[in-house]
Amino acid sequence: MGPHPAVAEIRRAVRTALTDLEPGDLVLVACSGGPDSLALAKATAFEAPRAGLRAGLITVDHGLQPGSAERAAAVAATGREWGFDPAEAIAVDVGTDGGPEAAARTARYAALDAAAEKLNAAAVLLAHTRDEQAETVLLGLARGSGARSLAGMAPRSGRYRRPLLDVTRATVALACQAEHLQPWHDPHNADPAYARSRVRHEALPALEAALGPGIVDALARTAALLRADADALDALAAAVSVEMSSPPDSAVSLEMSSPPERGLDCAKLAEQPAAIRTRVLRSAAIGAGSPAGDLTAGHVEALDALVLAWRGQRWVDLPGAVRALRSCGTLVFVGPPEESSTP
């Protein structure tokens, strides 16, 4: 008799995500101990050895709740019982930049990146489900940050893989029940102080009530379609960026403390469709050191005005102490001039 259908579905999703790895490669599972990541870890413990892979588990202790250290230690111990090697709990310090959700995410990914580098992991598995994809799309829509934001989470991004993006939260719950798992339920997931929690418990149910069932599937489908479009536009924008890059005018270099090596030809850039032009501008800003998460549509609009609506405005200040300046038809991205030390 085979496994429960929900267990089989999750195992199949994990197996598909691991097909391109080489025997002996190490794959890490990021596991909080919640239902999604616990089901992912259990499936990986089953599938990885059968694919000739080594499997490790990392749980991150954010230190934001009483008993978090003990809970993280218990998750790591469960990982060792299931055959994960290594199975480690990593404590992090969560800052405040971007709000509590963003700060915790930043700390978590930094810890996972460090662990993956240290252990030479070929892949890190994350347990985001189709429901979380739908939530991400709605949050992106609320921010008004464009197609890339509405494209949601990618199945693969660098070393990170999300095998469960086509698996529902309900399926995960059934799998946990079938395998007699005892997941931890993070109280933050039900706290209305957090935007994702409000989307999960208020916005999505309201949409289901108003428009009928299938909203989660529709939003996830929308994300996949927009991701394909965004990937194609990003590739075109990257080619345009290279084509339009040129050495900045000497006058620009003289007034900057750290002169840029290249600039963008504003006349050529103005001829591009808005979808390409704004991507080139956003990419250039990020390349100069402006944090992607802090760069808003408003910042990009101000940069676009330097290209299309030039009226002699001097510069645009961007997050990360990056400054965009137009001079002699060239747009450059640099750090601000150093303040004079003379009295």
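Residues numbered from 1 in each chain as written. Predicted model: local features only at pLDDT ≥ 70, side-chain atom pairs only at ≥ 80, totals over all residues. Heavy atoms only, no water.

1. Observations concerning the nonpolar core
- Judged by nonpolar contacts, the single largest core of 32 residues is most densely connected at Ile10, Val27, Phe84 and Leu164.
- Among the secondary structure elements, those contributing two or more residues to this core are helix 1 (5-17), strand 1 (26-30), helix 2 (35-50), strand 2 (54-61), strand 4 (123-125) and helix 7 (169-178).
- The next biggest cluster of nonpolar side chains, apart from the first, holds 21 residues, and it includes Leu269, Ile276, Leu281 and Leu303. (Core = buried A, V, L, I, M, F, W, Y, C linked by side-chain atoms within 4.5 Å. Buried < 20%, exposed > 50% of the residue type's maximum accessible area, 1.4 Å probe, protein only. Helix = DSSP H or I, 4+ residues; strand = E, 2+ residues; numbered from the N terminus.)

2. Digging into the pairing of strand 3 (residues 87-91)
- Here strand 2 runs beside strand 3; their pairing, made up of five bridges, is parallel. Paired with Leu57 across the strands is Ala87, a residue of strand 3.
- Chirality of the crossover, the property in question, places the unit of strand 2, helix 3 (residues 68-81) and strand 3 among those that are right-handed. (Pairing = 2+ DSSP bridges. Right-handed = clockwise from strand over helix to strand, strands pointing away.)

3. Overview of the state of the cysteines
- Using the criterion set out here, one finds zero disulfides in the structure.
- Not part of a disulfide, Cys31 finds its nearest cysteine sulfur in Cys176, a span of 9.8 Å.
- The class for Cys31 is buried, based on a relative accessible area of 3%. (Disulfide = S-S within 2.5 Å.)

4. Comments concerning the confidence of the model for the chain
- A residue-level look at the chain finds 91% of positions with pLDDT of 70 or above and a mean pLDDT of 89.
- When the criterion is pLDDT under 50, residues 250-260 qualifies, and its contacts beyond four places in sequence or with other chains add up to 19 contacts.
- Contacts from residues 339-343, a stretch scored under 50 in pLDDT, to residues over four places away or in other chains number zero contacts. (pLDDT = per-residue confidence, 0-100. Contact = heavy atoms within 4.5 Å.)

5. Brief notes about the environment of Gly146
- Within the secondary structure layout, Gly146 lies in the loop between helix 5 (130-143) and helix 6 (147-150).
- Exposure remark for Gly146: the relative accessible area of 33% places this residue in the partly exposed category.
- In sequence terms Gly146 and Asp229 are 83 residues apart; their C-alpha atoms lie 12 Å from each other.

6. Focus: the packing of helix 5 against helix 9 (residues 215-244)
- Viewed as axis vectors pointing N to C, helix 5 and helix 9 meet at an angle of 70°, and their least axial separation amounts to 8 Å. The pairing of helix 5 with helix 9 is recorded here as roughly perpendicular in orientation. Remark: the crossing between helix 5 and helix 9 carries left-handed chirality. From helix 5, Arg130, Asp131, Gln133, Ala134, Val137 and Leu138 reach across to helix 9, where they touch Val216, Asp217, Leu219, Ala220, Ala223 and Arg227.
- Broken down by class, the residue content of the contact of helix 5 with helix 9 amounts to seven nonpolar, one polar and four charged. (Axes fitted to C-alpha atoms, helices over the stretch in contact; angles between N-to-C directions. Parallel < 35°, antiparallel > 145°, perpendicular 65-115°, else oblique. Left-handed = near helix turned anticlockwise from the far one by under 90°. Nonpolar A, V, L, I, M, F, W, Y, C, P; charged D, E, K, R; others polar.)

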